[in-house]
Amino acid sequence: MSQEQESIELEEKTARRYAGESKNTGNTLSAFLLILVFMMLCICTVLLVLVVNLNKEVGNINIKLMALQEANRYMELEEEELESVSDINGSNVDQTEAAHIVEAAAIENKVVWDGNTDTSSGIKRVYLTFDDGPSSNTDRILDILDQYGVKATFFVVGKDNYTEQYKRIVENGHTLAMHSYSHVYQDIYSSLDAYKQDLNKLRTFLYEVTGVECKLVRFPGGSSNTTSKVDMHTLIEYLDSEDMIYFDWNVSSGDATGTQRSANQIASNVLDNIDKYNNAVVLMHDAAGKNSTVDALPIIIEKLLESEDTVLLPISEDTVRVQHIR
């Protein structure tokens with residue numbers, strides 16, 4: 001082999017070596033860049049999750065502050081004022097429970113869901129819901145709903161002597177859902193075990209009366225209540241573990257315990273706020289002293305039935321979850 005050929009071969013080997021080293025360097029650099037991009041994506045994902053959770057917590061805190069601001073004005077109630085407060089059955093209660101009732105009523109009349117997670121569009125869905133029944137007004141409510149062919153949702157409590165009303169709610173195609181058995185705030189919210197015991201008692205009771213295995217729940221005073229001694233997230237986690245779903249409301253009729261409102265006022269409270277939401281869950285009460293609520297029902301239903309692209313539905317497991325605490 002001539003010196004010239006050897007020189008050419010040496011140059012080719014050197015070139016191949018440098019090319020290989022360059023390729024390896026390029027591969028290493030590409031791998032490093034991929035790892036760097038992956039790490040950046042992970043960091044961005046974590047930051048996004050933190051921001052979303054922070055927004056949720058801020059929203060929950062704002063709701064709590066609103067509730068506390070509204071409830072604080074009842075802190076200085078005179079003893080004689082609290083003595084006039086009764087429970088959902090019209091029975092006298094002690095001052096502690098009376099304060100809880102008034103505080104919860106203030107929240108129910110004011111606090112609403114912000115609707116930020118309601119991304120649905122198209123047909124507006126309205127869900128009429130009734131808490132605290134059955135009562136002497138239940139049959140009137142059911143008659144009106146039947147008259148207009150409308151289905152609703154009843155978050156009931158445990159009561160004797162209303163077997164037919166529980167059954168009629170189910171037989172008429174409405175949703176039977178759980179509120180609490182006793183509805184005594186200082187008892188059911190005293191501990192997680194107390195809440196479990198109360199809810200399971202109601203669930204068993206309703207199954208024995210109607211044959212329905214209820215899975216839908218509304219906390220007394222809502223998930224944003226300020227009376228519970230238990231962190232509401234703990235109670236929510238319990239419902240999740242039992243495959244139960246809780247619902248709050250985003251439209252309040254304003255008929256909770258407190259100033260007596262006329263049928264027209266109640267109807268206006270509902271109708272003036274429904275358009276804010278694609279899925280409007282309306283809070284009303286089924287109780288002996290809520291005659292104005294019953295009288296407002298035809299006004300509300302007739303107006304909604306006249307509205308375009310609006311349907312009235314009972315809540316189901318597939319309903320968009322309107323929840324104050326997420």
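Everything below is about the structure shown above.
Structure report, in brief. Just so it is clear, the structure is predicted and the values come from calculations on it, not from any experiment.

**A look at the overall build of the protein chain**
- Tallying secondary structure elements over the protein chain gives ten helices and eight strands in all.
- Residue burial in the protein chain is summarised as follows: out of 326 residues, 43% are buried.
- Considering only contacts within the protein chain whose residues lie at least 6 apart along the sequence, 77% involve residues at least 24 apart.
- In the structure as shown, the protein chain presents an accessible area of about 17,100 Å², 51% of it carried by carbon and sulfur atoms.

**Overview of the packing of aromatic side chains**
- Enumeration over the complete set of coordinates arrives at eight aromatic pairs.
- Residues Tyr181 and Phe205 carry aromatic rings whose centres are separated by 5.8 Å and whose planes lie at 85° to one another, so their mutual orientation is edge-to-face. Of this pair, Tyr181 sits in the loop between strand S3 (175–180) and helix H6 (185–188) while Phe205 sits in helix H7 (residues 192–210), and the two are 24 residues apart along the sequence.
- Taking relative accessible area as the criterion, Phe205 reaches 16% and is therefore assigned buried.
- With centroids separated by 5.3 Å and ring planes inclined at 55°, the aromatic side chains of Phe219 and Tyr246 adopt a geometry described as tilted. With a gap of 27 residues between them, Phe219 in the loop between strand S4 (216–217) and helix H8 (232–241) and Tyr246 in strand S5 (residues 245–246) connect regions that are remote in the sequence.

**Points about the environment of Arg326**
- Its place among the elements puts Arg326 in the segment after strand S8 (310–312).
- On the basis of relative accessible area, Arg326 is assigned to the partly exposed category, the value being 29%.
- A C-alpha to C-alpha distance of 8.6 Å links Arg326 and His233, two positions 93 residues apart in sequence.

**Here we look at H8**
- Among the residues of H8, those classed as buried are Met232, Leu235, Ile236, Tyr238 and Leu239. Along the axis of H8, the buried residues cluster in a sector spanning 155°; they form a single face. Facing away from the buried surface of H8 by more than 90 degrees, the exposed residues are Glu237, Asp240 and Ser241.
- You can read the cap of H8 off the contacts: a side-chain oxygen lies 2.8 Å from the backbone nitrogen of His233, and it is on Asp231.

**Some thoughts on the pattern of salt bridges**
- With the rule as written, the count across this model stands at six salt bridges.
- Among the salt bridges present, the one from Lys215 reaches Asp243, with a minimum N-O distance of 3.2 Å. Linking Lys215 in the loop between H7 and S4 with Asp243 in the loop between H8 and S5, this pair joins segments that are 28 residues apart in sequence.
- On the basis of relative accessibility, which here comes to 49%, the residue Asp243 falls in the partly exposed class.
- Through salt bridges that share partners, Asp139, Asp143 and Arg168 make up one connected network.

**Re the side chain of Thr175**
- Considering the arrangement of structural elements, one finds Thr175 in strand S3.
- Excluding its chain neighbours within four sequence positions, the residues that come into contact with Thr175 are Ala152, Thr153, Phe154, Ile169, Leu216, Pro314 and Ile315.

**Points about the nonpolar core**
- The biggest cluster of nonpolar side chains holds 54 residues, and the ones touching the most others in it are Leu128 and Leu145.
- Setting aside residues up to four positions removed in sequence, Leu128 forms contacts with Leu145, Val150, Ala152, Thr153, Val282, Met284, Leu297, Ile300, Ile301, Leu312 and Leu313.
- Among the nonpolar cores identified, the runner-up in size contains eleven residues, and Ala177, Ile245, Val281 and Val322 belong to it.

**A closer look at the packing of helix H9 (residues 263–271) against helix H10 (residues 291–306)**
- Contact pair H9 / H10: the axes reach a minimum separation of 8 Å and the direction vectors enclose 45°. Classified by the angle their axes make, H9 and H10 are oblique. By crossing handedness, the relation of H9 to H10 is classed as right-handed. The segment H9 lies against H10, with Ala263, Asn264, Ile266, Ala267, Val270 and Leu271 engaging Ser292, Thr293, Asp295, Ala296, Ile299, Ile300, Lys303 and Leu304.
- Tallied by class, the residues present in the contact of H9 with H10 amount to nine nonpolar, three polar and two charged.

**Some points on the environment of Thr153**
- Inspection of the secondary structure puts Thr153 in strand S2 (residues 153–157).
- Classification of Thr153 by relative accessible area gives buried; the value is 0%.
- With 17 residues separating them along the chain, Thr153 and Val170 place their C-alpha atoms 9.9 Å apart.
- Among all residues touching Thr153, those that are not within four sequence positions of it are Leu128, Thr129, Phe130, Thr175, Ala177, Pro314 and Ile315.

**Some points on H9**
- Taken together, the buried positions of H9 are occupied by Ala263, Ile266, Ala267 and Val270. Down the axis of H9, the smallest arc covering the buried residues is 100°, so these residues share one side.
- Buried residues in H9 make contact with strand S6 (251–252), strand S7 (279–285) and H10.

**Some points on a nonpolar patch on the surface**
- Together, Leu29, Phe32, Leu33, Leu36, Met40, Ile43 and Leu47 make up a nonpolar patch on the protein surface, roughly 670 Å² of accessible area in all.
- Using a relative accessible area of 46% as the deciding quantity, one classes Ile43 as partly exposed.

Cut-offs applied
- Once a new chain begins, its residue numbering starts again from 1 and follows that chain's sequence as written.
- Given that the model is predicted, a residue must reach a pLDDT of at least 70 before its local features are reported, and side-chain atom pairs must reach 80 or more before they are shown or counted; all residues, however, enter totals for whole chains, interfaces and linings.
- Note: side-chain values were computed over all heavy atoms of the structure, leaving out hydrogens and water.
- Strands here are runs of E lasting at least two residues and helices are runs of H or I lasting at least four, both read from the DSSP assignment and numbered beginning at the N terminus.
- Between buried and exposed lies partly exposed: a residue is buried under 20% and exposed over 50% of the maximum accessible area for its type, with that area taken using a 1.4 Å probe on protein chains only.
- In this analysis, two residues are considered to be in contact whenever any of their non-hydrogen atoms come within 4.5 Å of each other.
- All accessible-area figures derive from a Shrake-Rupley calculation using a 1.4 Å probe, and residue coverage is judged against the displayed protein chains alone.
- By convention, a stacked pair of Phe, Tyr or Trp rings (six-membered ring in the case of Trp) has centres within 6.5 Å and planes under 30 degrees apart, an edge-to-face pair has planes over 60 apart, and any other such pair is tilted.
- What the arc describes is the spread of directions from the helix axis to the C-beta atoms.
- In protein, a polar contact means a hydrogen-donor-capable atom and an acceptor-capable atom, both N or O and within 3.5 Å, with residues adjacent in sequence counting only if both atoms are side-chain atoms; elsewhere, any N or O pair within 3.5 Å suffices.
- By definition here, a salt bridge exists when the distance from a side-chain nitrogen of Lys or Arg to a carboxyl oxygen of Asp or Glu is within 4 Å.
- Note on terminology: a nonpolar core comprises buried Ala, Val, Leu, Ile, Met, Phe, Trp, Tyr and Cys residues joined through side-chain atoms within 4.5 Å.
- Between N-to-C directions, angles span 0 to 180 degrees; the directions come from axes that are lines fitted to C-alpha atoms, helices contributing only their stretch in contact.
- Just so you know how the angles are binned, under 35 degrees is roughly parallel, over 145 roughly antiparallel, 65 to 115 roughly perpendicular, and the rest oblique.
- Note on convention: the crossing is left-handed when the near helix lies turned anticlockwise from the far helix by less than a right angle, right-handed when the turn is clockwise.
- Each residue receives one of three labels: charged for Asp, Glu, Lys and Arg, nonpolar for Ala, Val, Leu, Ile, Met, Phe, Trp, Tyr, Cys and Pro, and polar for the others, Gly being one of them.
- Residues enter patches when their relative accessible area tops 30% and they take part in no salt bridge; the joining distance is 9 Å for like charges and 5 Å for the nonpolar side chains Val, Leu, Ile, Met, Phe, Trp and Tyr.

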